[in-house]
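Per-entry structural report
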Amino acid sequence: AQSVTQLGSHVSVSEGALVLLRCNYSSSVPPYLFWYVQYPNQGLQLLLKYTTGATLVKGINGFEAEFKKSETSFHLTKPSAHMSDAAEYFCAVSDKDTGNQFYFGTGTSLTVIP
Amino acid sequence: NAGVTQTPKFRILKIGQSMTLQCTQDMNHNYMYWYRQDPGMGLKLIYYSVGAGITDKGEVPNGYNVSRSTTEDFPLRLELAAPSQTSVYFCASSRQEYNSPLHFGNGTRLTVT
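Residues numbered from 1 in each chain as written. Chains lettered and ligands numbered in written order. Predicted model: local features only at pLDDT ≥ 70, side-chain atom pairs only at ≥ 80, totals over all residues. Heavy atoms only, no water.

This paragraph deals with the overall build of chain A. A count of helical and extended segments in chain A gives 0 helices and 12 strands. Whereas a compact globule of 114 residues would reach a radius of gyration of roughly 13 Å, chain A reaches 14 Å, a difference of no more than 12%. Its C-alpha atoms give chain A principal-axis dimensions of about 45 × 30 × 20 Å. Looking at the 114 residues of chain A, the share that counts as buried comes to 47%. For chain A, the proportion of contacts with a sequence separation of at least 24, taken over those separated by at least 6, is 57%. Entry remark: accessible area of chain A is about 5200 Å², with carbon and sulfur atoms responsible for 53%. (Helix = DSSP H or I, 4+ residues; strand = E, 2+ residues; numbered from the N terminus. Rg over C-alpha atoms; globule rule 2.2 N^0.38 Å. Buried < 20%, exposed > 50% of the residue type's maximum accessible area, 1.4 Å probe, protein only. Contact = heavy atoms within 4.5 Å. Areas by Shrake-Rupley, 256 points an atom, 1.4 Å probe, with all protein chains shown as cover.)

Tallying each qualifying case throughout the model produces 2 disulfides over all chains. Across the disulfide from cysteine 23 of chain A sits cysteine 91 of chain A; the S-S distance is 1.9 Å. Judged by the sign of its S-S torsion, about -65 degrees, the bond between cysteine 23 of chain A and cysteine 91 of chain A is left-handed. Here cysteine 91 of chain A lies in strand S10 (residues 87-94) and cysteine 23 of chain A lies in the loop between strand S3 (19-21) and strand S4 (24-26), a separation of 68 residues in the sequence. The exposure classification of cysteine 23 of chain A matches that of cysteine 91 of chain A, with both residues buried. Between the sulfur of cysteine 23 of chain B and that of cysteine 91 of chain B lies a disulfide, 1.9 Å long from S to S. Judged by the sign of its S-S torsion, about -70 degrees, the bond between cysteine 23 of chain B and cysteine 91 of chain B is left-handed. Residue cysteine 23 of chain B is found in strand S3 (residues 19-25), and its partner cysteine 91 of chain B is found in strand S9 (residues 87-94); the two are separated by 68 residues along the sequence. (Disulfide = S-S within 2.5 Å.)

Let's shift gears to the environment of serine 94 of chain A. Locating serine 94 of chain A in the fold gives a position in strand S10. Taking the relative accessible area as the measure of exposure, serine 94 of chain A reaches 0% and is therefore buried. With residues near it in sequence (within four places) discarded, serine 94 of chain A still touches Pro31, Tyr32, Phe34, Gln101 and Phe102 of chain A together with Tyr98 of chain B.

Listed per partner, the contact involves 22 residues of chain A and 24 residues of chain B. Buried surface at the junction of chain A and chain B, both sides included, amounts to about 1800 Å², of which 57% is carbon and sulfur. The three residues of chain A that bury the most area against chain B are Asn100, Phe102 and Phe104 of chain A, which together make up 31% of that side's buried surface. The interface formed by chain A and chain B holds 0 salt bridges in total. (Buried area = accessible area lost by both parts, 1.4 Å probe. Salt bridge = Lys/Arg side-chain N within 4 Å of Asp/Glu carboxyl O.)

Burial of nonpolar side chains together is a common tendency in soluble globular proteins. Residues and elements named next belong to chain A. Core analysis: the largest hydrophobic core is formed by 27 residues, its most contacted members being Trp35, Leu48, Leu76 and Tyr89. If you list the elements that add at least two residues to this core, you get strand S2 (10-14), S3, strand S5 (32-38), strand S6 (44-50), strand S8 (64-68), strand S9 (73-78), S10 and strand S12 (108-113). Excluding its chain neighbours within four sequence positions, the residues that come into contact with leucine 48 are Leu33, Phe34, Trp35, Val57, Lys58, Gly59, Phe63, Glu64, Ala65, Phe74 and Leu76. (Core = buried A, V, L, I, M, F, W, Y, C linked by side-chain atoms within 4.5 Å.)

Before going further, it helps to spend a moment on the side chain of glutamine 6 of chain A. Residues and elements named next belong to chain A. By the secondary structure assignment, glutamine 6 is in the loop between strand S1 (3-5) and S2. In terms of polar contacts, glutamine 6 uses its side chain to reach the backbone amide nitrogen of glycine 107, at 3.1 Å. For glutamine 6, the contacting residues outside a window of four places in its chain are Arg22, Trp35, Tyr89, Phe90, Cys91, Gly105, Thr106, Gly107 and Thr108. (Polar contact = N/O pair within 3.5 Å; in protein donor to acceptor, adjacent residues only side chain to side chain.)

Another point: the sheet that holds strand S7 (residues 64-66) of chain B. Residue and element names in this part refer to chain B. Ordered in space as S1-S3-S8-S7, the 4 strands form an open sheet in which the pairing is antiparallel. The open sheet has two edge strands with one neighbour each: strand S1 (4-7) and S7. Averaged over neighbouring strand pairs, the angle between their axes works out to 20 degrees when direction is ignored. Judged from the 3 bridges that link them, S7 and strand S8 (residues 76-78) form a sheet pairing that is antiparallel. Residue pairing in the sheet places asparagine 65 in a bridge with arginine 77 of S8. (Pairing = 2+ DSSP bridges. Axes fitted to C-alpha atoms, helices over the stretch in contact; angles between N-to-C directions.)

If you want it as structure tokens, here you go:
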């Protein structure tokens with residue numbers, strides 16, 4: 001069965017510091033991996049996705065993530081945090097075996113300290 | 001371009017009451033989903049649909065019903081509201097391809113007292 005683990009339910013960084021949000025997945029077949037961001041009182045928005053091809057994926061707002069099959073990871077990074085990055089971030093996995101069902105992690109709340 | 005639209009935004013129900021959460025999308029997506037979001041729990045799939053007339057249970061379907069009479073609409077029905085159904089509900093849609101991302105509505109915040 002597919003599952004997603006996000007280490008750290010709360011992460012705090014200083015403005016301008018590196019953002020690293022961790023995501024590990026389990027999937028018995030090649031996965032499709034997604035990062036979503038949720039701002040307060042809003043729905044989730046797609047940040048980036050990995051399907052096939054290049055393992056380093058660039059998304060919106062300067063975020064990127066690297067698919068590492070050997071580590072079953074898909075960590076999200078941003079070189080320099082901005083105040084506007086404060087939000088909840090969700091990692092999700094799907095694959096051909098799940099029939100378009102998505103499995104979400106429990107989320108990481110990012111706080112940016114001025 | 002509206003995307004996925006959910007109504008209402010907020011609702012308070014008494015125990016035992018019923019209601020329908022509305023969801024419509026204008027992207028001609030075949031796949032539609034209902035999730036609930038509880039603090040610290042992520043998103044749990046309630047029901048999903050791969051096309052008009054076809055629905056299937058997700059991870060937490062008890063206490064809910066759905067229908068899909070058109071491609072655009074996917075309402076979620078709560079028949080006998082219980083406090084455990086207090087949550088934020090999100091509708092989402094996607095294209096048919098396996099690697100297509102979800103498009104979410106802005107959610108309905110439901111409180112059952």
